[in-house]
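Close look at the chain arrangement
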Amino acid sequence: MELEQVPPLVRPVVIASFEGWNDAAEAATGVVDHLMEQWDARVVAAIDPEEYYDFQVNRPSVGTDESGFRKLTWPSTHVAVASPPGLDRDVILIRGIEPNMRWRRFCSELLACVDDLGGELVVTLGALLADTPHSRPIPVTGTSSEPEIVDRLDLDQSTYEGPTGIVGVFQDACDKVGAPSASFWAAVPHYVAQPPCPKATLALLGHVEELLETSIPLGDLPEEAIAWEHGVNELAEDDDEVADYIHGLEQTRDTAELPEASGEAIAKEFERYLKRRDTD
């Protein structure tokens, strides 16, 4: 991977997401796309796709550039850097596609780039389909190799056993080289799996804010999340069977959540609101 000349970064944290199996409703890549836009990130490196992608699965696309000339774009994974206002450290953003082959080499190449840029913490984002109602807050689970982050954010260590995607492999690669890491996963309602899911993207952004202890401009995401929820409500109203199923999920969720847990969630959300208002 060829890295452009980059001035020394200040205690950079890495935020990574990948299209594919780890990215239900494109909620995780939606976070990195949003951060790249809000923080005016600059792409400084890209993986050579020839080594890692099956172009019959991830095909190149043809379009027109700003000058009106035909342009071929190959599927790849890009590394960008940003200096967010109000944050006392820089950010490295990795936005890619789950590779079709050579996953270990792929992860080694990315980690070498992160090391060259001085990355101090790697944060991976994922989204999965789950039995969760769209009308309730999107659940986000988190893990970290760092006890300080686990304690500060009250994270649970993952107990998942089974197949994994590139996010899990990348996390394992971080552990093997001793790179501090954290991972956040949003649970997207499985009955509305088609992208986008702005409500899940917002939920992941909230956890990134907590981790970085900063406020992130949300742009149109809150309004899009409300419109998304209303749209799903309208679809459910037209199908009694779906409406009954969602009602059952809501009852299960409400029964499982303790009042004090809900109170903590409200308090955290209010704290984020106050911080964002002060920043604005």
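Read on for an overview of the structure. (Residues numbered from 1 in each chain as written. Predicted model: local features only at pLDDT ≥ 70, side-chain atom pairs only at ≥ 80, totals over all residues. Heavy atoms only, no water.)

One pass over the full model with this rule turns up zero disulfides. For C113, which is in no disulfide, the shortest distance to another cysteine sulfur is to C174 and amounts to 13 Å. (Disulfide = S-S within 2.5 Å.)

This part covers a negative patch on the surface. Among the surface-exposed residues, E234, E237, D238, D239, D240, E241 and D244 lie close enough to one another that they form a single negatively charged patch. Where the negative patch is concerned, the elements lending two or more residues are α6 (221–237) and α7 (240–256). The element contributing the most residues to the negative patch is α7, with three residues. Position of E237 among the secondary structure elements: in helix α6. Residue E237 is classed as exposed on the basis of its relative accessible area of 62%. (Patch = residues over 30% accessible without salt bridge, like charges linked within 9 Å, V, L, I, M, F, W, Y side chains within 5 Å. Areas by Shrake-Rupley, 256 points an atom, 1.4 Å probe, with all protein chains shown as cover. Salt bridge = Lys/Arg side-chain N within 4 Å of Asp/Glu carboxyl O. Lys, Arg positive; Asp, Glu negative; His and termini not counted. Charge placed at Lys NZ, Arg CZ, Asp CG, Glu CD. Helix = DSSP H or I, 4+ residues; strand = E, 2+ residues; numbered from the N terminus. Buried < 20%, exposed > 50% of the residue type's maximum accessible area, 1.4 Å probe, protein only.)

Residues V62, L72 and W74 make up a contiguous nonpolar surface patch of about 300 Å² in total accessible area. Examined against the element boundaries, W74 turns out to sit in the loop between β4 (70–73) and β5 (78–82). A residue is classified by how much of its surface remains accessible, and W74, at 41% relative accessible area, is partly exposed.

This next bit is on the pattern of salt bridges. Charged atoms that come close allow side chains of opposite charge to pair. Under the counting rule described, the total for this entry stands at twelve salt bridges. Notably, a salt bridge pairs E19 with R95, separated by 2.3 Å at the nearest N-O pair. Residue E19 is located in strand β1 (residues 13–19), and its partner R95 is located in strand β6 (residues 91–97); the two are separated by 76 residues in the primary sequence. The network of salt bridges with shared partners includes E19, D33 and R95.

At their nearest, the axes of helix α2 (residues 103–117) and helix α4 (residues 166–176) sit 10 Å apart, and the two run at 60° to each other. Overall, the two elements α2 and α4 adopt an arrangement that is oblique. Between α2 and α4 the crossing geometry is right-handed. Residue-level contacts link W103, F106, C107, L110 and L111 of α2 to I166, V169, F170, A173 and C174 of α4. For the contact of α2 with α4, the class distribution of residues is ten nonpolar, no polar and no charged. (Axes fitted to C-alpha atoms, helices over the stretch in contact; angles between N-to-C directions. Parallel < 35°, antiparallel > 145°, perpendicular 65-115°, else oblique. Left-handed = near helix turned anticlockwise from the far one by under 90°. Contact = heavy atoms within 4.5 Å. Nonpolar A, V, L, I, M, F, W, Y, C, P; charged D, E, K, R; others polar.)

Before going further, it helps to spend a moment on the environment of S17. By the element assignment, S17 lies in strand β1. For S17, a relative accessible area of 0% corresponds to the buried category. Expressed as a C-alpha distance, the spacing of S17 and I94, which sit 77 residues apart in the sequence, is 6.4 Å. Setting aside chain neighbours within four positions, we find S17 in contact with A28, T29, V32, I94, R95, G96 and L125. A distance of 3.4 Å separates a polar side-chain atom of S17 from the backbone oxygen of A28. (Polar contact = N/O pair within 3.5 Å; in protein donor to acceptor, adjacent residues only side chain to side chain.)

Burial within β5 is extensive, with four of its five residues counted as buried. The sheet contact formed by strand β2 (residues 42–46) and β5 spans four bridges and is antiparallel. Residue pairing for β5: V43 is matched across the bridge by A80. Here β5 runs beside β6; their pairing, made up of five bridges, is antiparallel. (Pairing = 2+ DSSP bridges.)

In spatial order, the strands read β2-β5-β6-β1-β7-β9-β8; together these seven strands make up an open sheet with mixed pairing. Looking at strand neighbours, the two that pair on one side only are β2 and β8 (140–144), the edges of this open sheet. Taken over all neighbouring pairs, the strand axes of this sheet differ in orientation by 20° on average, direction set aside. Where β1 lies against β6, seven bridges are found, and the strand directions are parallel. Paired with F18 across the strands is G96, a residue of β6. Lying on the sheet, α4 is in contact with β1, β6, β7 (121–130) and β9 (181–189); it crosses β9 at an angle near 165°. Together, β1, β7, β8 and β9 form the strand contacts of helix α5 (residues 198–212), whose direction differs from that of β9 by roughly 155°.

Let us look at the side chain of D90. Structurally, D90 is set in the loop between β5 and β6. R89 provides the closest opposite charge to the buried, salt-bridge-free D90, at an N-O distance of 8.6 Å. Of note is the side chain of D90, whose polar atom sits 2.7 Å from the side chain of S83. Not counting chain neighbours up to four residues away, the residues in contact with D90 comprise L9, V10, R11, P12, V13, A82, S83 and P84.

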